[in-house]
Amino acid sequence: MRPLLVLAGLVVLVGVGVWVVGFSSLLDTRTVAVQGVTTASGLTVAQVRAAAEVPLRRPLARLDLDAVRTRIVAQLPPVKDATVTRSWPHEVRVTVTERKGVAVWRDGATYRLLDAEGVAFRTLASAGRALPVVQLPATPTSPARAEELRVSGATVSAALPKKLVARLRTVQVATPDSISLRLADGVTVFWGSAEESKAKARVLDALLPRKARVYDVSVPTFPTTRA
């Protein structure tokens, strides 16, 4: 009889535990904490909370964390990724990884901030001077082509050292294989394609002390300059 009583007691305890964790209000969701938001992305904590749509006063254990993450990433372009975790007893913690701007894309009369993958994630009032402007042909043949060119320009911008970015004004992308840089002092750099951009950036950095009006690093193993 005693073993049966012990077993029954264990069953009751398990049942109570399941009810407390999964169905009662004792461990329900009451707050949503957001981390990783900065002013650089244009995001606000309120926007992240709104996109997360975390149902409050529901059992924390039954919250679909993947669904919360999916909503945040899908609705907020500045968010590259997000981690959603439970913080017992009542909190959901959202940690966002923001996209970092490497260039500005001139989209008609609008300026948009681009990350290293060419994703346009924030609209700007003006181009400013902190980042280079990626310029595409006035009439790209298709949206897919425009995206390809935009990604090429962003790839080049992301590969440049900070001291060169400070001198750079535009990244002109005529075709995927015909990219050129325009520096603030009127210097032109023929870049070629976005391939080997880090190697080209290193070569250009070594060449710039040699005064010239044109630098060609399209073939980084055989760069040239013209006065």
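Details of the structure are given in the entry above.
Now for a description of the structure that goes with this document. What you see is a predicted model, and the numbers here were worked out from it, not measured in a lab. Sequence order as written defines residue numbering, which begins from 1 separately in each chain. Where totals are concerned, whole chains, interfaces and linings use all residues; where local detail is concerned, this predicted model gives features only for residues with pLDDT of at least 70, and gives and counts side-chain atom pairs only at 80 or more. To obtain the side-chain values, all non-hydrogen atoms of the structure were included, while hydrogens and water were left out.

**Here's the deal with the packing of helix H4 (residues 143-159) against helix H6 (residues 197-207)**
For step 1, the next point in the chain: Where helices are involved, their axes are fitted lines through C-alpha atoms of the stretch in contact, as for all axes, and angles between N-to-C directions lie from 0 to 180°. A run of H or I in DSSP becomes a helix once it reaches four residues, and a run of E becomes a strand once it reaches two; helices and strands are each numbered from the N terminus. In the contact formed by H4 and H6, the axes pass within 8 Å of each other and the chain directions differ by 50°. In terms of orientation, H4 lies oblique with respect to H6. Where H4 crosses over H6, the handedness of that crossing is right-handed. Within the contact between the two elements, H4 uses Thr155, Val156 and Ala159 and H6 uses Ser197, Lys198 and Ala201.
For step 2, the next point in the chain: Three classes are used, and their members are as follows: Ala, Val, Leu, Ile, Met, Phe, Trp, Tyr, Cys and Pro are nonpolar, Asp, Glu, Lys and Arg are charged, and the others, Gly among them, are polar. Class assignment for the residues of the contact of H4 with H6 results in three nonpolar, two polar and one charged. By the definition adopted for this analysis, an angle is roughly parallel if under 35 degrees, roughly antiparallel if over 145, roughly perpendicular if from 65 to 115, and oblique otherwise. Each crossing gets its hand from how the near helix is turned against the far one by less than a right angle, where anticlockwise is left-handed and clockwise is right-handed. Contacts are assigned to residue pairs that have any heavy atoms within 4.5 Å of one another.

**Description of the sheet that holds strand E11 (residues 214-216)**
For step 1, the next point in the chain: Whether two strands pair depends on DSSP finding at least two bridges between them. Ordered by their spatial adjacency, nine strands build an open sheet running E6-E5-E4-E7-E8-E9-E10-E11-E12, and the pairing between neighbours is mixed. Here the strands that pair on one side only, and so sit at the sheet edges, are strand E6 (120-124) and strand E12 (224-226). The sheet shows a mean angle of 25° between the axes of neighbouring strands, direction not considered.
For step 2, the next point in the chain: Pairing of strand E4 (residues 103-107) with strand E5 (residues 110-114) involves five bridges; the strand directions are antiparallel. Pairing of Val104 across the sheet is with Leu113, part of E5.
For step 3, the next point in the chain: Set on the sheet, H4 makes contact with E4, E5, strand E7 (133-135), strand E8 (168-175), strand E9 (178-183) and strand E10 (188-192); between it and E8 the angle comes to about 140°.

**Some words on the nonpolar core**
For step 1, the next point in the chain: Take the buried Ala, Val, Leu, Ile, Met, Phe, Trp, Tyr and Cys residues and link them wherever side-chain atoms come within 4.5 Å; each set so joined is a nonpolar core. To sort residues, take the accessible area from a 1.4 Å probe on protein chains only and compare it with the maximum for the residue type: under 20% means buried, over 50% means exposed, and anything in between is partly exposed. In terms of nonpolar packing, the biggest core is built from 31 residues, with Leu160, Leu181, Val189, Trp191, Leu204 and Tyr215 touching the most fellow members.
For step 2, the next point in the chain: Contributing elements (two or more residues each) for this core: E4, H4, helix H5 (162-165), E8, E9, E10 and H6.
For step 3, the next point in the chain: Grouped together as the second largest cluster of nonpolar side chains are 19 residues, Val32, Val54, Leu60 and Ile72 included.

**As for the pattern of salt bridges**
For step 1, the next point in the chain: Take a side-chain nitrogen of Lys or Arg and a carboxyl oxygen of Asp or Glu: if they are within 4 Å of each other, that pair is a salt bridge. Summed over the entire model, instances satisfying the criterion amount to twelve salt bridges.
For step 2, the next point in the chain: Salt-bridge contacts for Lys80 lead to Glu117; the nearest nitrogen and oxygen are separated by 3.7 Å. One end of the pair, Lys80, is in strand E2 (residues 79-87); the other, Glu117, is in the loop between E5 and E6, with 37 residues separating them in the sequence.
For step 3, the next point in the chain: On the basis of relative accessible area, Glu117 is assigned to the partly exposed category, the value being 42%.
For step 4, the next point in the chain: With a shortest N-O distance of 2.7 Å, Arg99 and Asp115 are connected by a salt bridge. Residue Arg99 is found in the loop between strand E3 (91-98) and E4, and its partner Asp115 is found in the loop between E5 and E6; the two are separated by 16 residues along the sequence. Here Arg99 matches Asp115 in class, with each residue buried.
For step 5, the next point in the chain: Here the salt bridges share partners, and the residues they tie into one network are Lys80, Arg99, Asp115 and Glu117.

**Focus on unusual backbone geometry**
For step 1, the next point in the chain: In this structure, the amide linkage connecting Trp88 to the following residue, Pro89, adopts the cis form with an omega of 10°.
For step 2, the next point in the chain: As for its placement among the helices and strands, Pro89 is situated in the loop between E2 and E3.
For step 3, the next point in the chain: Positive phi outside glycine occurs at Glu53, with the angle close to 50°.
For step 4, the next point in the chain: Looking at the element boundaries, Glu53 is found in the loop between helix H2 (45-52) and helix H3 (65-75).
For step 5, the next point in the chain: One non-glycine residue with positive phi stands out, namely Glu196, at about 60°.
For step 6, the next point in the chain: Here Glu196 is to be found in the loop between E10 and H6.
For step 7, the next point in the chain: The exposed category is assigned to Glu196, whose relative accessible area is 53%.

**Here's the deal with the sheet that holds E3**
Within a sheet, each strand pairs with its neighbour through backbone hydrogen bonds, oriented either parallel or antiparallel.
For step 1, the next point in the chain: Reading across the sheet, the three strands line up as E1-E3-E2 and stay open at both edges, with mixed pairing between neighbours. With partners counted over all chains shown, the strands left at the sheet margins are strand E1 (31-35) and E2, one partner each. Ignoring which end each strand starts from, the neighbouring axes of this sheet average 20° apart.
For step 2, the next point in the chain: Bridging between E2 and E3 involves eight bridges; their strand directions are antiparallel. Along E3, the bridge assignment pairs Val84 with Val94.
For step 3, the next point in the chain: The sheet strands contacting H2 are E1 and E3, and the helix crosses E1 at an angle near 125°.
For step 4, the next point in the chain: Along the sheet, H3 contacts E2 and E3; its crossing angle with E2, the most-contacted strand, is approximately 150°.

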